[in-house]
Amino acid sequence: MSGVGEAGLVLGIISSIISIIDATKQLYEAAKDEAGLPTNFKKSATKLPLIAKLLEDTERYINNSADESIKAAFIPTLEDCKVQATLLEELFEKVMPEEGDSRWDRYAKAARTIGKGGRVESLMKGILDNLQLLATRFPEVTTQRGKDQLAIAVEEVTKMEPSLPDSFEQMPTYTHYGSGDQNVNTGSGIQHINPGTGHQNSGSGTMVIGNNYNDNKIVMVYNNAIDSSDQKCLQDLRTTDPRDDKKRIEETKGGLLADSYRWILEHSDFQQWRDDKQSPLLWIKGDPGKGKTMLLCGIVNEMSPLTKLRDKEATTLLSYFFCQATDKRINNATAVLRGLIYLLIDQRPSLVSHLRKKYDHGVERPFEGVNGWVALSSVFENILQDLSLKSTYLIIDALDECEIDLPQLLKLVTKSTSIFPRVKWIVSSRNKPDIEARLRLNDAKMILSLELNSEHVSCAIELFIDHKVSKLPLIMDDSALQEIVRHQIYAKASGTFLWAALALKELEIVDSWDVLDVLQEMPPELEPLYDRMLRQVQQLQRKDPEFCRLVLSTMTLAYRPLHLLEIGALSGLPRQISTNLDNVIIVINKCGSFLTIRENRTYFIHQSAKDFLLGKAFHKVFPSGKAEVNYTMFSRSREIMSRTLRRDIYGLHAPGFPIHSVKPPDQDPLSALRYSCVYWVDHLCDVETGYDKIGLGDNGVVHGFLTEHFLHWMEALSLLKSISNGILAINKLKGFLKSQLFDLVQDAYRFILFNRWIIENHPLQTYISALVFAPAYSVIRELYKNDEPDWIITKPIIESNWSACLQTLEGHTDLVSSVAFSHDGRRLASGSRDHTVRIWDAETGALQLVLEGHSQIINVIAFSPNGRWLASVSDDGTVRLWSAEEGTLRHVLEGHFSKVNAVAFSPDGKQLASASANGMVKLWDVETGSLEQSREGYNDEICAIAFSPDILRLASASTNYSAYADDSDNSDDSDYSGIWDSTIKLWDAKTGIIQQIHEVSWVSTLVFSLDGRQLASGTQYGDIDLWDAETGDLQQTLEGHTDQVHSITFYSDGRQLASSSHDSTVRIWVAETGILQQILEGHTAPVLSVTISFDGLRLASGSGDRTVRIWDTEVRPLQQKLEGHTDCVNSITFSPNGGRLASCSREANARIWDAETGVPQQVLKGHTEFVSSIKFSPHGRMLASGSYDSTVRIWDSETGALQRTLKGHTSHVNSIKYSFDGRRLASGSADKTVRIWDADTGVLQQTLKGHTSPVFSVSFSSDGRQLASALWDSTVWIWDIEMSILQRTLKGHTAVVKSVTFSFDGRWLASSSGDQTVRIWDAKTGVLQQTLEIDFFLTEISFSSDDLYLITELGSIALGQSSSLPLLAHNWPGYCLSGNRSWITWNGNKVLWLPIEYRPRCSIVKEHTIAIGCASGRVLLFDFNHNIHPI
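Structural notes, computed from the coordinates. (Residues numbered from 1 in each chain as written. Predicted model: local features only at pLDDT ≥ 70, side-chain atom pairs only at ≥ 80, totals over all residues. Heavy atoms only, no water.)

## A few points about unusual backbone geometry
What you tend to see is this: most non-glycine residues have negative phi, and most peptide bonds are trans.
Moving on, step 1. Backbone geometry at Ser-1284 places phi at a positive 60 degrees, although glycine is not the residue there.
Moving on, step 2. In this structure, Ser-1284 sits in the loop between β56 (1276–1280) and β57 (1285–1290).
Moving on, step 3. Not every positive phi belongs to a glycine, and Asp-1335 is a case in point at roughly 70 degrees.
Moving on, step 4. Summarising the element assignment, Asp-1335 is placed in the loop between β61 (1328–1333) and β62 (1341–1343). (Helix = DSSP H or I, 4+ residues; strand = E, 2+ residues; numbered from the N terminus.)

## A closer look at the side chain of Lys-1217
Moving on, step 1. Looking at where Lys-1217 falls in the secondary structure, it is placed in strand β50 (residues 1213–1218).
Moving on, step 2. This buried residue, Lys-1217, is left without a salt bridge; Glu-1340 holds the nearest opposite charge, at 5.6 Å.
Moving on, step 3. Of the polar contacts made by the side chain of Lys-1217, one reaches the backbone oxygen of Val-1258; its length is 3.4 Å.
Moving on, step 4. Once residues within four sequence positions are removed from consideration, Lys-1217 is found in contact with Lys-1175, Arg-1224, Leu-1225, Ala-1226, Val-1258, Ser-1259, Phe-1260 and Val-1300. (Buried < 20%, exposed > 50% of the residue type's maximum accessible area, 1.4 Å probe, protein only. Lys, Arg positive; Asp, Glu negative; His and termini not counted. Salt bridge = Lys/Arg side-chain N within 4 Å of Asp/Glu carboxyl O. Polar contact = N/O pair within 3.5 Å; in protein donor to acceptor, adjacent residues only side chain to side chain. Contact = heavy atoms within 4.5 Å.)

## Looking at the packing of helix α20 (residues 497–507) against helix α22 (residues 526–538)
Moving on, step 1. Taken N-terminus to C-terminus, the directions of α20 and α22 make an angle of 25 degrees; their axes are 10 Å apart at the nearest point. Comparing their axes, α22 and α20 come out roughly parallel. Between α20 and α22 lies a crossing of left-handed hand. Of α22, the residues touching α20 (which contributes Leu-498, Trp-499, Leu-502 and Glu-506) are Leu-526, Leu-529, Tyr-530, Arg-532, Met-533 and Gln-536.
Moving on, step 2. Considering only residue class, the contact of α20 with α22 consists of seven nonpolar, one polar and two charged. (Axes fitted to C-alpha atoms, helices over the stretch in contact; angles between N-to-C directions. Parallel < 35°, antiparallel > 145°, perpendicular 65-115°, else oblique. Left-handed = near helix turned anticlockwise from the far one by under 90°. Nonpolar A, V, L, I, M, F, W, Y, C, P; charged D, E, K, R; others polar.)

## As for the side chain of Asp-814
Moving on, step 1. Locating Asp-814 in the fold gives a position in the loop between β14 (805–809) and β15 (816–821).
Moving on, step 2. Among the residues examined, Asp-814 registers a relative accessible area of 11% and is labelled buried.
Moving on, step 3. One polar contact links Asp-814 to Arg-833, side chain to side chain, over a distance of 3.1 Å.

## A look at the pattern of salt bridges
Moving on, step 1. What the rule picks out here adds up to 48 salt bridges.
Moving on, step 2. In this structure, Arg-329 and Asp-327 form a salt bridge, with 2.7 Å as the shortest nitrogen-oxygen distance.
Moving on, step 3. A relative accessible area of 0% places Asp-327 in the buried class.
Moving on, step 4. In this structure, the salt-bridge partner of Arg-1140 is Glu-1198, at a minimum N-O distance of 3.5 Å. One end of the pair, Arg-1140, is in strand β43 (residues 1140–1145); the other, Glu-1198, is in the loop between β48 (1192–1196) and β49 (1202–1206), with 58 residues separating them in the sequence.
Moving on, step 5. With relative accessibility at 12%, the residue Arg-1140 sits in the buried group.
Moving on, step 6. Each of Asp-245, Arg-248, Asp-327 and Arg-329 takes part in a single network of salt bridges with overlapping partners.

## Comments concerning the packing of aromatic side chains
The geometry of two aromatic rings is summed up by the distance between their centres and the angle between their planes.
Moving on, step 1. Going through the model one piece at a time under the given rule, you end up with 35 aromatic pairs.
Moving on, step 2. A centroid spacing of 5.2 Å and a plane angle of 70 degrees characterise the contact between Trp-680 and Phe-705, whose relative ring orientation is edge-to-face. Here Phe-705 lies in helix α31 (residues 701–719) and Trp-680 lies in helix α30 (residues 674–686), a separation of 25 residues in the sequence. As far as burial versus exposure is concerned, Trp-680 and Phe-705 are alike and both buried.
Moving on, step 3. When the ring of Phe-710 is compared with that of Phe-751, the centres are 5.9 Å apart and the planes differ by 70 degrees; the resulting orientation is edge-to-face. Placement of Phe-710 in helix α31 and of Phe-751 in helix α33 (residues 742–754) is noted, with a sequence separation of 41 residues between them.
Moving on, step 4. Judged by its relative accessible area of 0%, Phe-751 falls in the buried class.
Moving on, step 5. Following the ring pairs from residue to residue traces out a cluster consisting of Tyr-631, Phe-634, Trp-680, Phe-705, Phe-710, Trp-713 and Phe-751.
Moving on, step 6. Against the face of Tyr-603 rests Arg-248, its NZ or CZ located 4.0 Å from the ring centre.
Moving on, step 7. Its end group placed over the ring of Phe-1337, Arg-1381 keeps NZ or CZ at 4.7 Å from the ring centre. (Phe/Tyr/Trp six-rings, centres within 6.5 Å; stacked < 30°, edge-to-face > 60°. Lys NZ or Arg CZ within 6 Å of the ring centre and 35° of its normal.)

## Some details on the pairing of strand β6 (residues 317–322)
Moving on, step 1. In terms of burial, β6 is largely enclosed, as six of its six residues are buried.
Moving on, step 2. Side chains Leu-317, Ser-319 and Phe-321 project from β6 onto one buried face, and the interleaved Leu-318, Tyr-320 and Phe-322 project onto a second face that is buried too.
Moving on, step 3. Both β6 and strand β7 (residues 392–397) contribute to a ladder of six bridges, which runs parallel. Counterpart to Phe-321 in the pairing with β7 is Ile-396. (Pairing = 2+ DSSP bridges.)

## Focus on the nonpolar core
Moving on, step 1. In this structure, Phe-710, Trp-713 and Phe-1422 are the most contacted members of the largest nonpolar core, which totals 249 residues.
Moving on, step 2. Dropping the residues within four chain positions of it, Phe-1422 is found in contact with Val-772, Phe-773, Thr-794, Pro-796, Ile-1384, Leu-1392, Leu-1394, His-1408, Thr-1409, Ile-1410 and Ile-1412.
Moving on, step 3. In terms of nonpolar packing, the next biggest core, distinct from the first, is built from 52 residues, Ala-31, Ala-45, Ala-111 and Leu-128 among them. (Core = buried A, V, L, I, M, F, W, Y, C linked by side-chain atoms within 4.5 Å.)

## Thoughts on helix α27 (residues 607–614)
Moving on, step 1. In terms of burial, α27 is a largely internal element, six of the eight residues being buried.
Moving on, step 2. Those residues of α27 that are buried are in contact with α20, α22, α23 (544–557), β12 (601–604) and α28 (618–621).

## Structural notes on the environment of Asn-866
Moving on, step 1. Its location among the elements puts Asn-866 in the loop between β19 (858–863) and β20 (869–874).
Moving on, step 2. In the structure, Asn-866 is positioned 44 residues away from Ser-822 in sequence and 8.5 Å away in space, judged by C-alpha atoms.
Moving on, step 3. Within the local environment of Asn-866, its side chain forms a polar contact with the backbone nitrogen of Arg-868, the two atoms lying 2.9 Å apart.

## Section: the sheet that holds β43
Moving on, step 1. With respect to topology, four strands assemble into an open sheet ordered β42-β43-β44-β45, the strand pairing being antiparallel. Strand pairing shows two members of the sheet lacking a second neighbour, β42 (1129–1134) and β45 (1160–1165), which therefore form its edges. Along the sheet, successive strands turn relative to each other by an average axial angle of 20 degrees, direction set aside.
Moving on, step 2. One ladder, built from five bridges, connects β42 with β43; its direction is antiparallel. Within the sheet, the bridge partner assigned to Phe-1134 lies in β43 and is Leu-1141.

## Some words on the state of the cysteines
Moving on, step 1. Under the criterion given, the structure shown has zero disulfides.
Moving on, step 2. Unpaired in terms of disulfides, Cys-323 finds its nearest cysteine sulfur in Cys-402, a separation of 5.0 Å. (Disulfide = S-S within 2.5 Å.)

## Let's talk about α30
Moving on, step 1. Along its 13 residues, α30 runs 19 Å from first to last C-alpha, staying within 8% of the 18 Å computed at 1.5 Å per residue.
Moving on, step 2. Counting buried positions along α30 yields eleven of 13 residues, so the element is predominantly enclosed.
Moving on, step 3. Listing the buried residues of α30 in full gives Tyr-675, Ser-676, Cys-677, Val-678, Tyr-679, Trp-680, Val-681, Asp-682, His-683, Leu-684 and Cys-685. (Expected span 1.5 Å × (residues − 1).)

Structure, rendered in structure tokens:
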């Protein structure tokens, strides 16, 4: 076929695919709603614009390509892509219309017609895989950004859960339309499917459960297997198994008697709830002790056999939860959801996919903390709307004992009753008006009052009493006495189960002749009975009353039920009792039935018992007040922690041992300390002010504990997975102590905040990284200097004091474009170019939520004033409105036809304004998501928008600036395009009439002050203009930033404002005077956003370095900067003898350091642009540097004097290298040449021309006859430099080659590339010998003198036992840097974590010394003791 024919065929196929994709997109957009549409259709539809864009790029590439063989190579892949696209269009065409069968029916039929691979996600992945194959084979087919977006899309589609079960193409569809029964026979049994609202009977009992819904007519087979990752997810979800709680409660209350609850099964209210489709909820209410819990236990027992809890073939699910106020594990709404979800997934494992969506986002313990409810409520709702779910019954007992977030739980229950028709609820509680009001009861929601059914309750109690009396061991043979006892208990119980149970428990040990007397002494009703029980405790012999009081008071003030060991440790019991579990049990059993023991954990018999001790019996249990008991619990906690805690308490040994691999030893030394480690500060702070025993002075007990055991405590909290609790505790302690010990506690707070992530995930780094990188004058570092690792001889020089940066939050995989505090300051949100919004706990730094949905960079995020909503806008042209409480997507606001740059809530939270690159401003109703106004006032791109505080005006700024326009190299240092034609406009917010227009210079952001009197705008030049918002007059200009201002925010009091800039700083100014108060430095890339908490105490910033930083806004004296570079270090190298170190940076300087002490010796000035490469001569007397100023300079390394400047290159110099004998110097440049110079005279000897792209690395062979050059275009060229001819070109790498080197014997050539491989070639023949998959890129490689090691900037790669090839394996012996540059390793084991501030932009490893050049300009030096090993 002719060249024209090849090109025409390829272009024709591309054109056809684009048409098919456009048609598919139109089918999706034409649908009026998405009801019943499988989720994967929606997700796949978001990928269609990207596919079209990539195909257009491919079309352009084909048009511009002259190579006909390349065009022909496209045909097979594109034809397969076309087939997949055609099938996808057919699938959308059959499924998207709203008329006819349900969308699920049509989807299953259509997919089955296609056969294997017919799922929507499979077809979408096929198309994307084909495009990725083309982009890999032909890198120029699209931009780097296009490749990144394609890779993300492939990953997202790969992670989609199957929309149809496995082997769906072989499954029949059982569909029944109209009236009449449908019987389906599969296998040897008989299956009856009852349509409509008929009843289903199972077994011989009388129990009837629910309606059989036939909404989904496809019979699906579910895979019930749970893999190890699912198991880990469920393990982290599970705080308790409700089945175990139910069993414990039944045993605690003396067992469940079936006859005592059967009455409710026949009750008309229960039956109506069970049978009526319109009755989704039954509330069972009653006073304490009426038997509500046991009633629900009975209902669970009766329902279970007909559900998947007992019958694995059943389709009905049953899940339940028992709240208990006395147990912190199960007294909150989040715990309720964890229990309900756990049981649902246990019955139908496929539901775990909904949980994994939250779990797999990398959020630290996503089901815990303040946002655990948000994450789980979203998961729960997704489970309830899962189409595989049939009839589902949910039961919650004791709502009144849900002490945390009960309103949210009731809201969720109420909401679900109206939108999930297959779900029915039973809930129980005391008679509480607030619960009744929040349940929003109506005719459809049933109420069953135990007081109104007292006859049934009394009958049930009598049955219970009859049964229990017959089992009393000491009167079992006396039927007459039993009858008397029955009647007396009937009379006194007064319809209260709990009274009867307590009385019968006491009678179990009473002799027959004393039974009636004891029973006579028992007062009727619960409170008098509790009073009697307490009097009996007080009448015990000797010291027993006091022992019981100690236990009861401790249990009453404890934040959760206590283990027997914890009771012994905390209550103040004598040592001979507290250290012996049997003795502790004896004391608990003497506590008058107030307490019960289950699996070595102690509980109150009932919440009313605890209420009694805190109420009427308070002065008997707490004769000296609660302060005495709280102090004892604090003091005993401190004592046992001091006695037990020690370094490496679990014997992990390895410094980098990860927390997920930790298994507590059989004899867990922390078992008795778990409560103390978490709650000792709470009990200290619960001691009333003025209590004189605490000892808060410098030599007091708190000071003593922190100075001796603070690090041990941190390690223990990590092992207990409670670091967030530790942060909250230290902060609470800081507020409690006020002036006393403040410096110590403040330093401890900064220590744990800064090191949160590493301590939490690698416990033993508490003593290593956390200490090594603590400030020199840190109180904690000084106290624990003897704990610093002895295997590090030379440690890096660190600043004297803590900086203003409190915490650095990592997690985003691309630049952070926007940050925002919630109004209450509890949460911090960040938006990123990785297409996600992350929500963090602003106090602890824990990641709480990851919001996904946008398909392109998120430009701006904003919380609504009331904190209910979070808005995000993106380059994908959408505005998304999320529920900030639940993390769920509420609205997708569409209508902008280009990227959306700005968003702002009105101060009353009712409106949302958004502005886009096509000059459109739109106003939306927040509640409904409807478009209220659309305004056009610009021909240019709108970059910022803001409401005035009085809601009367709206300000907007226009520009053609795009901060993300040039990111083709996907680096953090992307070039930013310029700005033209900038204006600020003030509009009437209601009418849209323009009130003011200001022509300004290159505006990039704007914001109103909170009083509305000022308007601040930032410019590309780094200035901030402050305007009078009323008159439009320019008041003043704040100067200081050296590059574009990206973001401005006012403090709530209007006195200060903060700004962030492309110069990588945040600055704080006095608004009235314009005085610069503080510069916040630490980010290593442009700071794109800044936000202030409402209280003004914390500032957060988001940066191109992919981090979010939280800062202390307190103005502090500027710290003296450490001597060194002031900009990113580009290259670093040791002298041949290892005594000196040279570094160069973007500031156009080079420096020489003492390699033993890290002290700077010389500053080499002369280059006019940043220095890219630096090398010592083989004898060490000279130092050469290459720069972007196109020159090479040679310096005297002893004096720092410039010897000569080598000119000739016409573009920047990327690499320099001395020959082995030091007589020649080679330089490789972006001008596509290599120049060889006489190293002594500086005379140009040769110029090697012909390279097809910039040269990134050069290397001489050991004999000096050959030179290798590494190129941007992924090739390596080998030159005969004696003849000045190209010998061969080595091809095989798929990305830029960063470094190249010859072996010492000249046989091999090694090259490292951005494709994350090292390739070793035969230097004579050019034949590839081996490819080492490194899994990360290397920029500097060389062979060791024996050719057994490859020396890299990260360390040495052991190539094998000899220099002969092929090589057998590679590993990293000795001290090295990890591939992601975040760890120093030893023999491949992680030993020292590097905080992000100290991670290398360049590095060098020489034996047991590592030097690191950082983005901040600092140079770090580590020298390790080769005689002491870290493991």
